[in-house]
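What follows is the residue order along each chain.
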Amino acid sequence: MQLNAASALSEEQKVELTAVERRIVRRFSTLLDEINPGLNNRERPLSMPVTMSLFGMLNWMYMWFKDGGRITREDYGDVVTTLVLEGIKAVR
């Protein structure tokens, strides 16, 4: 929605929104790097791809998730949390 509605924002609002987005991404990236410090390897920098993969899972959820379906939003949150927290340890 942000991308589709960006034209309705003033330049000041766009700058502010971009700053907020970058803070959020940086915060998650920092946390994921703490879980697996090897993500920030100079030869194979995976910190940003892993961080953005997390956001991809969450941002595209609307395409398939149905309220009242077989799992709740909370259930999906647990799945994503487990995938990230446990799976990130195996990323090399």
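Look up a bit, the structure's there.
These numbers were taken from a predicted model, which means no experiment stands behind them.

1. Looking at the overall build of the chain
- Tallying secondary structure elements over the chain gives 4 helices and 0 strands in all.
- When the helices and strands of the chain are placed in sequence order, the string is α-α-α-α.
- By the compact-globule yardstick of 12 Å for 92 residues, the chain is too spread out, its C-alpha radius of gyration being 16 Å.
- Principal-axis analysis of the C-alpha atoms gives the chain an extent of 40 × 40 × 15 Å.
- The contacts in the chain between residues at least 6 apart in sequence include a share of 45% that link residues at least 24 apart.
- Total accessible area on the chain is roughly 7,400 Å²; 58% of this is exposed by carbon and sulfur atoms.
- Computed over 12 positive and 12 negative side-chain charges, the inter-centroid distance for the chain is 5 Å.

2. With respect to helix H4 (residues 73-87)
- Look at H4: 20 Å from first C-alpha to last across 15 residues, which is about the 21 Å you get at 1.5 Å a residue.
- Within the span of H4, buried status applies to Tyr76, Val80 and Val84. Angular distribution of buried residues about the axis of H4 spans 65 degrees; they occupy a single face of the element. Among the exposed residues of H4, those pointing more than 90 degrees away from its buried face are Glu74 and Asp78.
- Residues of H4 that are buried make contact with helix H2 (11-35) and helix H3 (47-59).

3. A look at H3
- Taking 1.5 Å as the rise per residue, H3 with 13 residues should run 18 Å; its terminal C-alpha atoms sit 18 Å apart, in good agreement.
- The inward-facing, buried residues of H3 contact H2 and H4.

4. Digging into a positive patch on the surface
- There is a patch of like positive charges on the surface, built from Arg22, Arg23, Arg26 and Arg27.
- If you trace the backbone, Arg26 turns up in helix H2.

5. Digging into the packing of aromatic side chains
- Applying the stated rule across the entire model yields 4 aromatic pairs.
- Between Phe28 and Phe55 the ring centres are 5.1 Å apart and the planes differ by 70 degrees, which places this aromatic pair in the edge-to-face class. Note that Phe28 is positioned in helix H2 and Phe55 in helix H3, a separation of 27 residues in sequence.
- According to the relative accessible area criterion, Phe55 is buried, its value standing at 14%.
- Seen from their ring centres, Trp64 and Tyr76 are 5.1 Å apart, and the 75 degrees between their planes marks the pair as edge-to-face. Of this pair, Trp64 sits in the loop between H3 and H4 while Tyr76 is found in helix H4, placing the two residues 12 residues apart along the sequence.

6. What about the nonpolar core?
- Core analysis: the biggest nonpolar cluster contains 11 residues, these being Leu32, Leu39, Leu46, Val50, Leu54, Met61, Phe65, Tyr76, Val80, Val84 and Ile88.
- No other element matches the 3 residues that H4 contributes to this core.
- Val84 has contacts with Leu32, Leu54 and Met57, leaving out every residue within four places of it along the chain.

Scoring rules and cut-offs
- Residues numbered from 1 in each chain as written.
- Predicted model: local features only at pLDDT ≥ 70, side-chain atom pairs only at ≥ 80, totals over all residues.
- Heavy atoms only, no water.
- Helix = DSSP H or I, 4+ residues; strand = E, 2+ residues; numbered from the N terminus.
- Rg over C-alpha atoms; globule rule 2.2 N^0.38 Å.
- Contact = heavy atoms within 4.5 Å.
- Areas by Shrake-Rupley, 256 points an atom, 1.4 Å probe, with all protein chains shown as cover.
- Lys, Arg positive; Asp, Glu negative; His and termini not counted.
- Charge placed at Lys NZ, Arg CZ, Asp CG, Glu CD.
- Expected span 1.5 Å × (residues − 1).
- Buried < 20%, exposed > 50% of the residue type's maximum accessible area, 1.4 Å probe, protein only.
- Arc of directions from axis to C-beta.
- Patch = residues over 30% accessible without salt bridge, like charges linked within 9 Å, V, L, I, M, F, W, Y side chains within 5 Å.
- Salt bridge = Lys/Arg side-chain N within 4 Å of Asp/Glu carboxyl O.
- Phe/Tyr/Trp six-rings, centres within 6.5 Å; stacked < 30°, edge-to-face > 60°.
- Core = buried A, V, L, I, M, F, W, Y, C linked by side-chain atoms within 4.5 Å.

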